[in-house]
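Summary of structural features
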Amino acid sequence: MELLTPSPGLVFWTSLSFIILLVVLRKYAWPSILRALKVREETISFALEDARKAKEEVEMMEQKKKRILDDARGERDAILKEARELKEQIMEEARETAREESRIMLDKATKDIENQKQEALQEIRDTIGRLSLEIAEKVLKEELSDSEKQKKVINTYLNEMNLN
């Protein structure tokens with residue numbers, strides 16, 4: 001059991017060696033270690049601050065991007081709405097123009113038909129009058145070929161004229 005129970009000389013020299021080591025470390029190594037830890041702490045602190053700023057900037061950029069996208073969508077919708085309205089307006093104007101042109105063409109066609117109808121009626125009247133005169137001429141030539149009949153017709157017309 002000697003291994004488990006230390007001797008007092010061993011405890012003394014071990015303690016003395018440990019205290020000397022602590023004094024040497026405290027005088028020479030401890031300030032360097034503390035400085036290195038301080039620098040590392042500051043570096044980490046700056047890195048964390050930079051990371052926080054970068055995160056804020058990214059969030060601001062995301063918000064800005066979202067606003068820009070929303071504005072672009074709004075403008076796109078407005079342009080599409082305006083284009084639809086313009087299309088409807090152009091189509092309505094084209095319909096109205098077509099209606100007006102068809103009305104004008106219908107009026108012109110009606111007038112042309114009426115003129116042709118009047119011309120045809122006039123031509124029929126002229127033809128009927130000419131045919132009537134030709135028939136009357138032929139009838140009169142037949143009737144008045146005899147001189148006795150001619151005198152009788154002339155006297156009849158003269159009597160009628162005197163009465164009127």
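Quick summary incoming for the structure in this document.

What counts, and where the lines are drawn
Residues numbered from 1 in each chain as written. Predicted model: local features only at pLDDT ≥ 70, side-chain atom pairs only at ≥ 80, totals over all residues. Heavy atoms only, no water. Helix = DSSP H or I, 4+ residues; strand = E, 2+ residues; numbered from the N terminus. Rg over C-alpha atoms; globule rule 2.2 N^0.38 Å. Buried < 20%, exposed > 50% of the residue type's maximum accessible area, 1.4 Å probe, protein only. Areas by Shrake-Rupley, 256 points an atom, 1.4 Å probe, with all protein chains shown as cover. Patch = residues over 30% accessible without salt bridge, like charges linked within 9 Å, V, L, I, M, F, W, Y side chains within 5 Å. Salt bridge = Lys/Arg side-chain N within 4 Å of Asp/Glu carboxyl O. Phe/Tyr/Trp six-rings, centres within 6.5 Å; stacked < 30°, edge-to-face > 60°.

**Details of the overall build of the chain**
Secondary structure assignment for the chain yields two helices and zero strands. The C-alpha radius of gyration computed for the chain amounts to 65 Å, which surpasses the reference 15 Å derived for 164 residues by more than 25%, pointing to a less compact arrangement than a globule. Overall size of the chain, expressed as C-alpha extent along the three principal axes, is 195 × 35 × 20 Å. Evaluated residue by residue, the chain yields a buried proportion of 0% over its 164 residues. For the chain, the accessible area works out to roughly 15900 Å², and carbon and sulfur atoms hold 62% of it.

**Comments concerning a nonpolar patch on the surface**
On the surface, a nonpolar cluster with roughly 660 Å² of combined accessible area is contributed by Phe 12, Trp 13, Leu 16, Ile 20, Val 24 and Tyr 28. Position of Tyr 28 among the secondary structure elements: in helix α1 (residues 8-143). Given the relative accessible area of 58%, Tyr 28 is considered exposed.

**What to know about the environment of Arg 125**
Turning to its location among the elements, Arg 125 is positioned in helix α1. In this structure the C-alpha to C-alpha distance between Arg 125 and Ala 36, which are 89 residues apart in sequence, comes to 130 Å.

**Examining the pattern of salt bridges**
Evaluation of the coordinates by the stated rule reveals 10 salt bridges. Salt-bridge contacts for Asp 70 lead to Arg 73; the nearest nitrogen and oxygen are separated by 3.5 Å. Of this pair, Asp 70 and Arg 73 are both found in helix α1, three residues apart, which corresponds to roughly one turn of the helix. Given the relative accessible area of 40%, Asp 70 is considered partly exposed. Taking relative accessible area as the criterion, Arg 73 reaches 44% and is therefore assigned partly exposed. Where Glu 100 meets Arg 103, a salt bridge forms, and the shortest distance between an N and an O atom there is 2.3 Å. Separated by three residues within a single helix, Glu 100 and Arg 103 lie in helix α1, roughly one turn from each other. According to the relative accessible area criterion, Arg 103 is partly exposed, its value standing at 40%. In this structure, a network of salt bridges that share partners links the residues Glu 92, Arg 95, Glu 96 and Arg 99.

**Quick notes on the packing of aromatic side chains**
This structure, assessed with the given rule, holds one aromatic pair. Here the aromatic rings of Phe 12 and Trp 13 are separated by 5.2 Å at their centres, their planes lie at 75 degrees, and the arrangement is edge-to-face.

**Some words on the environment of Glu 137**
Mapped onto the secondary structure, Glu 137 falls in helix α1. C-alpha separation for the pair Glu 137 and Leu 80, spaced 57 residues apart in sequence, amounts to 83 Å.

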